[in-house]
Amino acid sequence: MIDIFTTGGTIDKVYFDALSEYQIGATALPDILSENNVFVAHRVTQLMRKDSLELTDADRTAIHEAVAASDADKILVTHGTDTMVQTARVLSDIAGKTIVLTGAMQPATLRNSDAEFNVGFALAAVQTLPPGVYIAMNGEVFDPAKVQKDRSAHRFIRVQD
């Protein structure tokens, strides 16, 4: 069983007009998984609908509590990319589970979104990586202690100690 916790972020953004007004909508994960014929045992729980820049320490505590309390040892968390690293670091003290965070640079509702690829990649990663906390984005797996988002390049990059 893979527990999938969604927190919002760009992956679940819904745009309403040409001025880029948006809201975080219902999670796109059930549709992504269904449309891509994903049959691995999983359950999806929407924890919150927030842009990651709006996540508070209390939100990160709630994410931590949900992951720690899960009876699954494989956890996927969808998260906004701006503070994904921060949340991953908060989860790093949870032992005995493989925890993978992923998200998207473009909303899942857009044709050119990276959401479907990232979710699929993260699902594969959570099933094959040893216990620990990871970020899986755009075909790469990162250690949260050694990564940062490069906003100008629209990707995550490794950083040196």
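Above this text you will find the structure in question.
Since this is a predicted model, take the numbers as computed values, not measurements.

About the criteria used
Residues numbered from 1 in each chain as written. Predicted model: local features only at pLDDT ≥ 70, side-chain atom pairs only at ≥ 80, totals over all residues. Heavy atoms only, no water. Phe/Tyr/Trp six-rings, centres within 6.5 Å; stacked < 30°, edge-to-face > 60°. Helix = DSSP H or I, 4+ residues; strand = E, 2+ residues; numbered from the N terminus. Buried < 20%, exposed > 50% of the residue type's maximum accessible area, 1.4 Å probe, protein only. Contact = heavy atoms within 4.5 Å. Salt bridge = Lys/Arg side-chain N within 4 Å of Asp/Glu carboxyl O. Pairing = 2+ DSSP bridges. Axes fitted to C-alpha atoms, helices over the stretch in contact; angles between N-to-C directions. Expected span 1.5 Å × (residues − 1). Arc of directions from axis to C-beta. Patch = residues over 30% accessible without salt bridge, like charges linked within 9 Å, V, L, I, M, F, W, Y side chains within 5 Å. Areas by Shrake-Rupley, 256 points an atom, 1.4 Å probe, with all protein chains shown as cover. Parallel < 35°, antiparallel > 145°, perpendicular 65-115°, else oblique. Left-handed = near helix turned anticlockwise from the far one by under 90°. Nonpolar A, V, L, I, M, F, W, Y, C, P; charged D, E, K, R; others polar.

Asks: What's the story with the packing of aromatic side chains in this structure? I'm lost.
Replies: The relation between two aromatic rings is expressed through the spacing of the ring centres and the mutual angle of the planes. Under the criterion given, the structure shown has 2 aromatic pairs. Pairing Phe117 with Phe121 gives two aromatic rings, centres 6.1 Å apart and planes at 5°, and the pair type is stacked. Within this pair, Phe117 and its partner Phe121 are both found in helix 4 (residues 115-128), separated by 4 residues, close to a single helical turn. Ring geometry for Phe142 against Phe156: centres 6.3 Å apart, planes inclined by 40°, an arrangement best described as tilted. A residue pair is termed long-range when its members are at least 10 positions apart, and Phe142 in strand 8 (residues 140-142) and Phe156 in strand 10 (residues 155-158) qualify at 14 residues.

Asks: Any chance you could explain the side chain of Asp51 here in plain terms?
Replies: Examined against the element boundaries, Asp51 turns out to sit in the loop between strand 4 (42-50) and helix 2 (57-69). Exposure remark for Asp51: the relative accessible area of 9% places this residue in the buried category. Residues within four places of Asp51 in sequence aside, it is in contact with Gly9, Lys13, Tyr22 and Ile24.

Asks: Would you take a moment to explain the pattern of salt bridges for this structure?
Replies: Tallying each qualifying case throughout the model produces 8 salt bridges. Of the charged contacts in the structure, one is a salt bridge between Asp82 and Lys149, with a shortest N-O distance of 3.0 Å. With a gap of 67 residues between them, Asp82 in the loop between strand 5 (74-78) and helix 3 (84-91) and Lys149 in strand 9 (residues 147-150) connect regions that are remote in the sequence. With relative accessibility at 26%, the residue Asp82 sits in the partly exposed group. By relative accessible area, Lys149 is classed as partly exposed at 23%.

Asks: Before we go on, may I ask you to explain the sheet that holds strand 1 (residues 2-8) in this structure?
Replies: Strand-to-strand pairing in sheets goes through backbone hydrogen bonds, with the strands running parallel or antiparallel. Taken together, the 6 strands give an open sheet; going across it, the order is 4-1-5-6-7-8, and neighbouring strands pair in mixed fashion. For this open sheet the edge positions go to strand 4 and strand 8, each flanked by a neighbour on one side alone. On average, adjacent strands in this sheet sit at an angle of 20° to one another, irrespective of strand direction. Of the pairings in the sheet, the one linking strand 1 to strand 5 comprises 5 bridges and is parallel in character. Following the sheet pairing, Ile2 is matched in strand 5 by Lys74.

Asks: What exactly am I supposed to notice about helix 4 here?
Replies: For helix 4, built from 14 residues, the straight-helix expectation of 20 Å at 1.5 Å per residue is met to within 8% by its first-to-last C-alpha distance of 20 Å. Buried within helix 4 are the following residues: Ala115, Asn118, Val119, Ala122, Leu123, Ala125 and Val126. The buried residues of helix 4 occupy one face: seen down the axis, they fall within an arc of 165°. Of the surrounding secondary structure, the elements contacted by the buried residues of helix 4 are strand 1, helix 1 (29-35), strand 5, strand 6 (98-102), strand 7 (132-137) and strand 8.

Asks: I keep staring at the environment of Val141 and nothing clicks. Help me out?
Replies: Summarising the element assignment, Val141 is placed in strand 8. Sequence separation between Val141 and Phe121 is 20 residues; the distance between their C-alpha atoms is 9.2 Å. In contact with Val141, not counting residues within four places along its chain, are Phe121, Ala125, Leu129, Tyr134, Ile135, Ala136 and Arg158.

Asks: Explain a nonpolar patch on the surface to me, please; I cannot follow it from the model alone.
Replies: Side chains of Tyr15, Tyr22 and Leu110 sit close together on the surface and give an oily, nonpolar patch of about 250 Å² of accessible area. Take Tyr22: it is sitting in strand 3 (residues 22-24).

Asks: Just checking my understanding: could you explain the packing of helix 2 against helix 3 for this structure?
Replies: A pair of packed helices is characterised by two quantities: the angle between their axes and the separation of those axes. Across the interface, helix 2 lies against helix 3 with an axial gap of 10 Å and an inter-helix angle of 50°. Considering their axes alone, helix 2 and helix 3 lie oblique with respect to each other. By crossing handedness, the relation of helix 2 to helix 3 is classed as right-handed. Residues Asp57, Arg60, Ile63, His64 and Val67 of helix 2 form the contact with helix 3, whose own contacting residues are Gln86, Thr87, Val90 and Leu91. Across the contact of helix 2 with helix 3, the residue classes tally to 4 nonpolar, 3 polar and 2 charged.

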